[in-house]
Amino acid sequence: MHILSPIIAVLIAGGLISFANAQQPAPENQPPAEQQPAPQGQQAAGTEPLPHPIDCTFTEARLCKTGSGCSAAEALGEVPLPARFLIHFEQQIIASVNADGLPHVSTIGVLAQSGDSLILQGVDGATGWTIQGSTSDEMASFTVASDHSVLNAFGTCKAIE
């Protein structure tokens, strides 16, 4: 595996934007962040292929709760640190394995790009999540909000060949 290099990241961004733009024409008054729904099923004819899956590892996390401040976290929910996630663009999922070895899969609801930032968002039960990465380096952040608490995690993503 290789670190998500700027060239691979640009290909990912280009594939996401090309595919999303082929799905529907952009409105004239579109906001700066080009939010598009995650691609559904087959890609449109004439568009670039979706990017290969990536492997993200989050090594540091902080949990903030209403009324009690923030503290270091040892896990992202049921996934102990370092927490690894597979992001599979074609299948529109992020997937992980909990401490008991059971898989957990969450659907990507929105893929967006703004400048060199790539943003994935989703909802899993009563929990909302966002993963933000950059096309200029391998750094990534993961934010989860639920029940008067917010969990922030930091790590890196690598392309899977």
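On a predicted model such as this, the values are computed, not experimentally measured, just so you know.

Chemist: What is the right way to read the pattern of salt bridges from this model?
Modeler: Close approach of charged atoms allows side chains of opposite charge to pair. Following the criterion strictly, the structure yields one salt bridge and no others. Arg 84 serves as the salt-bridge partner of Asp 55, at 2.5 Å between the closest nitrogen and oxygen. Remark: Arg 84 occurs in strand β7 (residues 83-88) and Asp 55 occurs in strand β3 (residues 54-65); sequence separation between them is 29 residues. On the accessibility criterion, Asp 55 (8% relative accessible area) is buried.

Chemist: What am I meant to see in unusual backbone geometry here?
Modeler: In the segment running from Leu 81 into Pro 82, the intervening peptide bond is cis, with an omega of -5°. Locating Pro 82 in the fold gives a position in the loop between β6 (79-80) and β7. Of note, Asp 147 is a non-glycine position whose phi angle comes to about 45°, a positive value. Looking at the element boundaries, Asp 147 is found in the loop between β13 (139-146) and β14 (149-159). Taking the relative accessible area as the measure of exposure, Asp 147 reaches 67% and is therefore exposed.

Cut-off values and rules
Residues numbered from 1 in each chain as written. Predicted model: local features only at pLDDT ≥ 70, side-chain atom pairs only at ≥ 80, totals over all residues. Heavy atoms only, no water. Salt bridge = Lys/Arg side-chain N within 4 Å of Asp/Glu carboxyl O. Helix = DSSP H or I, 4+ residues; strand = E, 2+ residues; numbered from the N terminus. Buried < 20%, exposed > 50% of the residue type's maximum accessible area, 1.4 Å probe, protein only.

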